[in-house]
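One letter stands for each residue in the lines below.
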Amino acid sequence: MTDEEGPRPRHQWIKDRDEERLFAGWDGARKFGRLLNPSNNPSKWDWNLVCLDGVRDFGRLAGWHGSEDTARLAAKACEDAYDAAMAGTLFGMTPEDVEAILEHERFMKARREGRQ
């Protein structure tokens, strides 16, 4: 992550080896978010959740992406949204959505391990 001032990230953020302006957020083995400093607007950092696989009606959710002035603020916003999503409190989420996310993760893990 960058050396700028701001809240320290609660999770691990890893810079993409091929793209200097892209970071992935990890909670253990779960990739949950991404930060991007777009070349067309380098004064902003875009963030979004990437852990919502399994949610069928994605359009009814709000607060899963945004833009902030610094990488640290974007990381905090993404981490806060991730925590809300996993608690089922992200705007528009249901307990079934959380179970769908976890079920998708179980399916993908079994597939990687050759059990599917």
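Predicted model, so just to flag it, every value in this text is computed and none were measured.

Participant: Help me understand the pairing of strand β1 (residues 12-15) in this model?
Facilitator: For a regular strand, side-chain orientation follows a simple rule: the groups alternate between the two sheet faces. As paired strands, β1 and strand β2 (residues 22-27) are joined by four bridges and run antiparallel to one another. If you follow Lys15 over to β2, its bridge partner there is Phe23. Counting the residues between successive antiparallel strands, the hairpin from β1 to β2 contains six residues.

Participant: Looking at this structure, I do not really get helix α1 (residues 71-87). What am I missing?
Facilitator: Structurally, the α-helix is built with 3.6 residues per turn, so residues lying three or four positions apart point the same way. For α1, with 17 residues, the first-to-last C-alpha span of 24 Å sits near the 24 Å given by 1.5 Å per residue. Regarding α1, the residues found buried are Ala71, Arg72, Ala74, Ala75, Ala77, Cys78, Glu79, Ala81, Tyr82, Ala84 and Ala85. Each element contacted by the buried residues of α1 is listed here: β1, β2, β3 (30-36), β4 (45-49), β5 (65-68) and α2 (95-112). Following α1 by one or two positions, Gly88 adopts a phi angle in the positive range, close to 75 degrees.

Participant: So what exactly am I meant to see when it comes to the packing of aromatic side chains here?
Facilitator: Two aromatic rings are characterised by how far apart their centres lie and by the angle between their planes. The tally for this structure, following the rule as stated, stands at three aromatic pairs. A centroid spacing of 5.9 Å and a plane angle of 55 degrees characterise the contact between Phe23 and Trp45, whose relative ring orientation is tilted. In this pair, Phe23 sits in strand β2 while Trp45 sits in strand β4, placing the two residues 22 residues apart along the sequence. For the pair shown, Phe23 and Trp45 are each scored as buried.

What counts and how
- The residue numbers shown here count from 1 along each chain, following its written sequence.
- Reporting in this predicted model follows two pLDDT cut-offs: at least 70 for local features of residues, and 80 or more for side-chain atom pairs to be given and counted; totals over whole chains, interfaces and linings ignore these cut-offs and use all residues.
- Excluded from the side-chain calculations are hydrogens and water; all other atoms, namely the structure's heavy atoms, are used.
- At least two DSSP bridges between two strands are needed for those strands to be called paired.
- A helix here means a DSSP run of H or I that spans at least four residues, while a strand means a run of E at least two residues long, and both kinds are numbered starting from the N terminus.
- Between the first and last residue of a helix there are one fewer steps than residues, each counted as 1.5 Å, and that sum is the expected span.
- Exposed residues in this analysis have more than 50% of their type's maximum accessible area, buried residues have under 20%, and partly exposed residues fall in between, with area computed by a 1.4 Å probe over protein chains only.
- Note on definitions: a residue-residue contact is assigned when non-hydrogen atoms from the two residues lie within 4.5 Å.
- Pairing of aromatic side chains requires ring centres within 6.5 Å, counting the rings of Phe and Tyr and the six-membered ring of Trp. Pairs whose planes differ by under 30 degrees are stacked, by over 60 edge-to-face, and all others tilted.

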